[in-house]
Amino acid sequence: MKRAALGFGVTAALLFAVAPLVLGDFRLSLLAKYLCFAIVAVGVGLAWGRGGMLALGQGVFFGLGGYAMAMHLKLADAGPGNLPDFMILYGQLDALPWWWAPFANPIFALLATVLLPMLVALLLGLLIFRRRVRGAYFAILSQALAAAFAILLIGQQGTTGGTNGLTDIQGFFGYDLNDPVNQRMVYFVVAAALLAMLGVAWQLMRSRYGELLVAVRDGEERVRFLGYDPANVKLVAYVVAAGMAGLAGALFVPAVGIISPALIGVVPSIEFVIGVAVGGRATLAGPALGAIAVAWAKTALSERVPSAWTYFEGLLFVLPIVFLPGGIAALFKWRRRARLVPPAEVKEKVAA
Amino acid sequence: MFGYRGRRSAAVLVAIGTVAALTACGAKTGDAVGSAQAGGGAVVDTSGSAVKVGLLNSLSGTMAISEVTVRDAIKLAVDEINAAGGVLGKQLEPVSEDGASDWPTFAEKAQKLISQDKVAAVFGCWTSSSRKAVKPVFEKNKALLFYPVQYEGLEESPYIFYTGATTNQQIVPALDYLKSAGKTSVYLVGSDYVFPRTANKIIKAYAAASGMKVLGEDYAPLGSTEFSTIVNKVKASGASAVFNTLNGDSNVAFFKEYKSAGLTAEAMPVLSVSIAEEEVKSIGTQYLAGQLTAWNYYQTTKGAANDKFVKAYKAKYGADKPTSDPMEAAYTSVYLWKAMVEKAGSFEIEKVKAAANAGGITFEAPEGLVTVDGPSQHVFKTARIGKIGTDGLIEEVWNSGQPVKPDPYLKSYSWATGLS
Amino acid sequence: MSLLVGQLFSGVSIGAVLLLIALGLALTFGQMNVINMAHGEFIMAGAYTVYVLQQVVTSAGASLLIALPVSFVVAGLLGVLLEVLLIRRLYARPLDTLLVTWGVSLILQQAARDIFGAPNVQTRAPEILTGSVHLTDDIAIASSRLFILGLALAAVAALTIVLRTTSLGRRIRAVVQNRDLAAVSGLSTGRVDRLTFFIGSGLAGIAGVALTLIGPIGPAMGTNLIVNAFLVVVVGGIGQLKGTVIVAFVLGVLQATVEYTTTVSVASVIVFVAIVAFLQWRPQGLFTLRTRSLA
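Engineer: Mind showing me how you'd approach the overall build of chain B here?
Structural biologist: Of the regular secondary structure elements, chain B holds 14 helices and 15 strands. In terms of overall dimensions, chain B is globule-like: its C-alpha atoms have a radius of gyration of 24 Å, near the 22 Å expected for 420 residues. Judged by the C-alpha coordinates and their principal axes, chain B covers about 75 × 65 × 45 Å. Split into buried and exposed, the 420 residues of chain B put 59% on the buried side. Long-range contacts, defined as pairs at least 24 residues apart, comprise 70% of the intrachain contacts of chain B with a sequence gap of at least 6.

Okay, here's the thing in structure tokens:
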């Protein structure tokens, strides 16, 4: 308990005091981007590390949150009654499409960034978990979802910006994003969101529900025999993870100034997972730290030797998972009841 | 439990407090003072004996295929300029960054080149998506980008120079050519992204005004390699030509399918706007011979400047490496920037821009004499239609006679009103 | 009429390509429960084998025929290497194989880029496979597609025969149906795993050869195919081939039909929705293998 409080305190100090002092504007805005990925990772850690659901479609939820936010900001940039620039160029629309209109309202848009992904996850999860689609089937389906969603977005260029995505976002609820001071503000918002999400995950993990989730991961049938419905247990984790991804996507937009299908398809979705595996999938801090480390390594390596990054990324997928399934966190045996390594997913073997 | 919760809430409160305090200082949108203070303009580092220039291309990922050749061409120009004494007495130091075929990465790397390396100008980007992603970065920092690829027009950023063709220098002449060759109907095939969709919109407007028929329009997702249905549709349409705006890998699958379906260059020629010498090499002349392309430059383009360029390129990168339009435009862009800097007598970005906007920046490029159009920051270019030969080279069969004035919004074409 | 037939054949031929790609997966995923994301790169290896062979053998036809067995062995050996080095350690963690093999696929792609260059390479097809076969005056079928259909069916037939009649096939089936019992009965399950992986990966090599006739040959050629191929196996149901075969053709025809009436991107989305709906009805896929193992 004390250790956890200490952990939060140290993290908060690092994020709010040390980083802004040490890093320049450019590096700080990069860190804001990494923190967005870390928020996704916290959710993945919950769904995959604790719940055993390898969610390879987090890009979809990240994208839903990001687009919801970007749509509002584009509308705000354009001003009331005007169409966003790209619609005039590529869509030749006379009026705003009906499904854009509600996003002009900031409160609706803000709620949508989190609730929309959660709603989609809920519907999808109901369909998938109720029918006991799990393990590899679930992973592949979630991957196909990411592919389909990206293709759908790209196909509707006039209303979604197509491959370009939504770019050139100038303001954030009235604040000029070109101003470095406001960029710092965005960083602080992202950092605060990450801390809050870590708090949420912490609460979930140590609650009775958290115990149940791990039980479902380790022996779904046994939990069913105990009288619980594993589908509901999984659904909660999946929906929460989707909400976190949505929040991350929403914050990514002001932090980076763009949201595009390039962040949604199969490849980015699987990249969201790698940091989690490296950091330690079943721990609280591991996924976030892993995601930040991997994103940082990508920037650092690709600035020096571009082609080496791909090899390194490949090795990141291979070495930790094969030889250190608990992730880096397993090196530090902090916790007494460390459930870092799932006790073999043999039982996950697609039931015949 | 409660103790812990209390602390966490406290932490969050502190966070929110910090945020609130900070927001008080930030500039609001539309706040002129704030904006000026925010982006005082990128500062070029001219303190050393060398000046840095940025090269921003995808060196990994799907676009690496094309963009690496552009990077090579830029490097060639930089080397030549350095060997000849540099610019304003300073050597150029290229800083190459990898956009990794990922648009947010392009934006990140552009910012890095501007604020960390303090480059005098950035050369690169290929896809429209990458350009759209970096455009706000260059505008915000008031830094310069030279964009070397033909594109869909409808853009005039004050901080971008466009050295590739805009639509009225490639698409429109290509349509003029098809019309003059007696092709009365076309089928449109393209990849699903900005350039093909915009190009096809222009083609449809042109066709409507000139009596040409558009018999169908199909888009394949980028990277798609399954074309049997689209080719079936094309074949059934009986169009007299196909206008092809497919990109990358899709072209290979499309042309293989096209030939399999028994369609030939004689009966139903395909006019492509994204297939240059490099792509011909990877698709194979077995499938491409006789098909048409529309560009502003071919390796076979006549002239002493091109002979020198081709020779230098092959000497540096290998005799089997072809030169192509985007490479030539990238090579030219470095020399155009040099001319601007020399005219301005300074590396300072606003002065360089002012020198260019005043007009009179020219360069004897491999494609012929190119002139920068001051106001639009585009370049006058000669349109050329080529036919792909069995040797993998493209021979010019038609050209526009003189360099065409760039018109990114097609304002001078009556049929194009309402397009932009 | 000719369009209808042409379109139907398009669907069948899309199905044939899917089948050829998914067949190997039906073995490694369906039988061994290994999610091999590097399967696409084994396809790539098969395609590059054609390219390399054509540097030596000048006749396009001969090089293609030689390439079939050679690429089977090349891709198969890559598969065995992967199995021995990595996958063997992960049989207890099937989901982790997905991530690990994804990493392997990244490495193989970059290796191909460094060896053969980033641009696509070009192979020559024998003239006979670049034209079309006329059924009637106005109904023509691409001969390359016909070849691929033949190849896919031949591969299915060969695989069926191996699994049904040979002792190797019997051993594979035994291990799939009940690994522990097979081991207890004296089977070297490790050896059977390696052989299964060899055959499954080798089939990817064959698919690679076929793809040189219709698509690009480059480092990224495998990534576009892999997700759809997995869907075929998932929907078909694991453990046997007939589900994979039927689903490949059904999805092919569905894709072609929807694509014809709408657009490619809408078609992809509709196919996905159809798959989710189908799994609502049969969560274990079209056919399931009944075994007595308590999985």
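Engineer: Please clarify how the domain arrangement of chain B should be interpreted in this entry.
Structural biologist: Accessible area lost upon the coming together of the parts serves often as the stated size of an interface. All names here are of chain B. Entries for chain B in the domain assignment read domain 1 (50-166 + 306-379) and domain 2 (167-296 + 384-416). Of all the secondary structure elements, the ones that give two or more residues to the side of domain 1 that touches domain 2 are helix H3 (64-83), helix H5 (128-141), helix H13 (325-344), strand E12 (368-373) and strand E13 (378-379). Taken together, the residues of the side of domain 1 that touches domain 2 sort by class into eight nonpolar, 13 polar and six charged.

Engineer: Just to check I follow, could you spell out the packing of helix H6 (residues 167-177) of chain C against helix H8 (residues 189-211) of chain C for this structure?
Structural biologist: Any two packed helices are characterised by how steeply their axes cross, that is the angle between the axes, and by the distance between the axes. Residues and elements named next belong to chain C. One can describe the packing of H6 onto H8 by two numbers: an axis separation of 10 Å at closest approach and a directional angle of 110 degrees. Comparing their axes, H8 and H6 come out roughly perpendicular. Residue-level contacts link Leu 168, Arg 171, Ile 172 and Val 175 of H6 to Thr 189, Val 192, Leu 195 and Thr 196 of H8. For the contact of H6 with H8, the per-class residue count stands at five nonpolar, two polar and one charged.

Engineer: Just checking my understanding: could you explain the sheet that holds strand E2 (residues 91-98) of chain B for this structure?
Structural biologist: Within a beta sheet, neighbouring strands are joined by backbone hydrogen bonds and run either parallel or antiparallel to one another. All names here are of chain B. Across the sheet, which stays open at both edges, the five strands sit in the order E2-E1-E3-E4-E5 with parallel pairing between neighbours. Each of the sheet's edge strands pairs with one partner strand only, and the pair in question is E2 and strand E5 (160-162). On average, each strand axis in the sheet is inclined to that of its neighbour by 25 degrees, with strand direction left out of account. Both strand E1 (residues 50-57) and strand E3 (residues 122-124) contribute to a ladder of three bridges, which runs parallel.

Engineer: What exactly am I supposed to notice about the nonpolar core here?
Structural biologist: If you look at soluble globular proteins, the nonpolar side chains tend to sit buried side by side. Ranked by internal contacts, the top residues of the largest apolar core, which has 358 residues, are A:Ile39, A:Val190 and C:Leu20. Take this core: its biggest share by element is 18 residues, from helix H11 (residues 230-256) of chain A. Formed jointly, this core draws a minimum of three residues from each of two domains, domain 1 (50-166 + 306-379) and domain 2 (167-296 + 384-416) of chain B. Contact partners of A:Ile39, with chain neighbours within four places excluded, come to A:Ala193, A:Leu194, A:Met197, A:Met244, A:Leu247 and A:Ala248. C:Leu163, C:Ile172, C:Val175 and C:Val192 belong to the second-largest nonpolar core, a separate cluster that totals six residues.

Engineer: Just to check I follow, could you spell out the sheet that holds strand E11 (residues 362-365) of chain B for this structure?
Structural biologist: Residue and element names in this part refer to chain B. Reading across from one edge, E11-E12-E13 is the order of the three strands in this open sheet, with antiparallel pairing throughout. Whereas interior strands pair on both sides, the edge strands pair on one side only; in this sheet they are E11 and E13. Two strands pair when backbone bridges link them, and E11 and E12 are joined in this way by four bridges, in the antiparallel orientation. Residue pairing in the sheet places Glu 364 in a bridge with Leu 369 of E12.

Engineer: So what exactly am I meant to see when it comes to unusual backbone geometry here?
Structural biologist: Most peptide bonds take the trans form, and the phi angle of most residues other than glycine is negative. Positive phi is not limited to glycine here, since B:Lys118 has a value of about 50 degrees. Owing to 18 C-beta atoms within 10 Å, B:Lys118 belongs among the partly exposed residues under this scheme. Located in the positive-phi region is C:Asn33, a residue other than glycine, with phi close to 65 degrees. Its place among the elements puts C:Asn33 in the loop between helix H1 (2-31) and helix H2 (39-56). Residue classification places C:Asn33 among the buried positions, given that 21 C-beta atoms sit within 10 Å.

Engineer: How should helix H8 (residues 180-206) of chain A be read in this particular structure?
Structural biologist: Quick reminder: α-helices carry 3.6 residues per turn. Residues three or four places apart thus point the same way. In this model H8(A) runs 39 Å from its N-terminal to its C-terminal C-alpha over 27 residues, within 8% of the 39 Å that 1.5 Å per residue would give. Burial of H8(A) is extensive: 19 of the 27 residues sit out of reach of the surface.

Engineer: Would you mind going over the interface of chain A and chain C with me for this structure?
Structural biologist: Taken together, the 44 residues of chain A in the interface contact 41 residues of chain C. For the side of chain A that touches chain C, the secondary-structure elements that each account for two or more residues are helix H6 (136-155), helix H12 (266-279) and helix H14 (306-323) of chain A. Considering each element in turn, the side of chain A that touches chain C owes the most residues, 14 residues, to H6(A). Residues belonging to the side of chain A that touches chain C are distributed by class as follows: 32 nonpolar, six polar and six charged.

Engineer: Help me understand the environment of C:Gly40 in this model?
Structural biologist: Residue and element names in this part refer to chain C. Here Gly 40 is to be found in helix H2. Judged by the 27 C-beta atoms lying within 10 Å of it, Gly 40 is buried. Each C-alpha atom, one on Gly 40 and one on Ala 152, is 17 Å from the other, the two residues being 112 residues apart in sequence. Leaving out residues up to four positions away in the same chain, Gly 40 has contacts with Ser 105, Gly 222, Thr 223, Leu 225 and Ile 226.

Engineer: Got a minute to help me understand the packing of H13(B) against helix H14 (residues 349-357) of chain B in this structure?
Structural biologist: Residues and elements named next belong to chain B. At a minimum axis separation of 8 Å, H13 and H14 run at an interaxial angle of 100 degrees. Accordingly, the angle class assigned to the pair H13 and H14 is roughly perpendicular. Of the residues in H14, those touching H13 at Met 340, Val 341, Lys 343 and Ala 344 are Lys 351, Val 352, Ala 354, Ala 355 and Ala 356. Within the contact of H13 with H14, the residues separate by chemical class into seven nonpolar, no polar and two charged.

Cut-off values and rules
- Sequence order as written defines residue numbering, which begins from 1 separately in each chain.
- Here every chain gets a letter starting at A, and every ligand a number starting at 1, in the order they are written.
- Residue-level local features of this predicted model are given only where pLDDT is at least 70; pairs of side-chain atoms are given and counted only at 80 or more, and the full residue set underlies all totals for whole chains, interfaces and linings.
- Helix and strand labels come from DSSP, where a helix needs a run of H or I of at least four residues and a strand needs a run of E of at least two; each type is numbered from the N terminus.
- Both definitions apply: the radius of gyration is a C-alpha atom measure, and the globule rule equals 2.2 Å times residues to the power 0.38.
- Exposure in this text rests on C-beta crowding, where 20 or more other C-beta atoms within 10 Å of a residue's own make it buried, 12 or fewer make it exposed, and counts in between make it partly exposed. The C-beta atoms are placed from the backbone.
- Think of it this way: build a C-beta for each residue from its backbone, and any pair within 7 Å is a contact.
- Domain start and stop positions are those given by an automatic or database domain assignment.
- Under the convention adopted here, Pro, Cys and the residues Ala, Val, Leu, Ile, Met, Phe, Trp and Tyr are nonpolar, Asp, Glu, Lys and Arg are charged, and Gly plus all remaining residues are polar.
- Note on method: axes are straight lines fitted to C-alpha atoms, helices fitted across the in-contact stretch only, with angles between N-to-C directions ranging 0 to 180 degrees.
- The labels follow the angle: roughly parallel below 35 degrees, roughly antiparallel above 145, roughly perpendicular from 65 to 115, and oblique for the rest.
- Strand pairing is assigned whenever DSSP identifies at least 2 bridges connecting the two strands.
- For this analysis, nonpolar core means a set of buried Ala, Val, Leu, Ile, Met, Phe, Trp, Tyr and Cys residues linked through C-beta atoms within 7 Å.
- A helix is expected to reach a length of 1.5 Å times the quantity of its residues less one.

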